[in-house]
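These are the residues of each chain, in order.
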Amino acid sequence: MEDCIFCKIVSRDIDTPLIYEDDKVVAFNDVNPQAPVHILIIPKIHIASVKETEDKNLLGHMLSAGNQIAEKNGMEDFRYIINTGEKAGQTVFHLHLHLLGGRKMNWPPG
C-alpha cells in the first residue's frame, strides 16, 4: 500500500534498523516503546489487520519469529499483543504483532 509506513519499512523506503528478517516478516523496535523491550513483527505483505487474513501459517510464523527474537534477547517472560481496530488501539493499519518484555506486565493491560 502506497501510504503505509510499515510497507515503506518493508520496501526499505524508510531506513529502519531491523532486528529480524526472513522471507515473510521483518521486526524492528517500536518508536513509542511501552516496555524496555518493545518490538514490532510485521508481514512483508500488506494486510490491514488480523481480521483481513485467514492465513494461519503467516500468523503462526509471526509468533515463531517472535519466539526466536525473545530467545535471542534473553527474554524468558514476555507478552504478545495484536490490536485490531481503532478502538482497540491500532494506529497503523498494517497487521503487526507487539512483543513486549523487560518488566513485569500487569493485568488487565488497559
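Scroll up to find the structure this text is about.
Predicted, not measured: the structure shown is a model, and the values here were computed from it.

Cut-offs applied
- Residues numbered from 1 in each chain as written.
- Predicted model: local features only at pLDDT ≥ 70, side-chain atom pairs only at ≥ 80, totals over all residues.
- Heavy atoms only, no water.
- Helix = DSSP H or I, 4+ residues; strand = E, 2+ residues; numbered from the N terminus.
- Core = buried A, V, L, I, M, F, W, Y, C linked by side-chain atoms within 4.5 Å.
- Buried < 20%, exposed > 50% of the residue type's maximum accessible area, 1.4 Å probe, protein only.
- Contact = heavy atoms within 4.5 Å.

Asker: Looking at this structure, how should I read unusual backbone geometry?
Answerer: Across residues other than glycine, the phi torsion is negative in most instances, and most of the peptide bonds are trans. Of note, the amide linkage connecting tryptophan 107 to proline 108 takes the cis form, showing an omega dihedral of 0°. Tracing the chain through its elements places proline 108 in the segment after strand E5 (97-101). Of note in the backbone geometry, arginine 12 takes a positive phi value of approximately 70° without being a glycine. Mapped onto the elements, arginine 12 comes out in the loop between helix H1 (5-10) and strand E1 (20-21).

Asker: Any chance you could explain the nonpolar core here in plain terms?
Answerer: Nonpolar side chains tend to gather and get buried jointly when the protein is soluble and globular. Counting 15 residues, the largest nonpolar core has Val25, Ile41, Met62, Ile69 and Leu99 as the members making the most contacts within it. Looking at this core, the elements that each hand over two or more residues are strand E2 (25-29), strand E3 (37-43), helix H2 (56-72) and E5. At five residues, H2 tops the list of elements feeding residues into this core. Apart from residues no more than four positions distant in its own chain, methionine 62 is found in contact with Val25, Ile41, Ile42, Pro43, Leu95, His96 and Leu97. Residues Phe28, Leu40, Ile42 and Val92 belong to the second largest nonpolar core, which totals ten residues.

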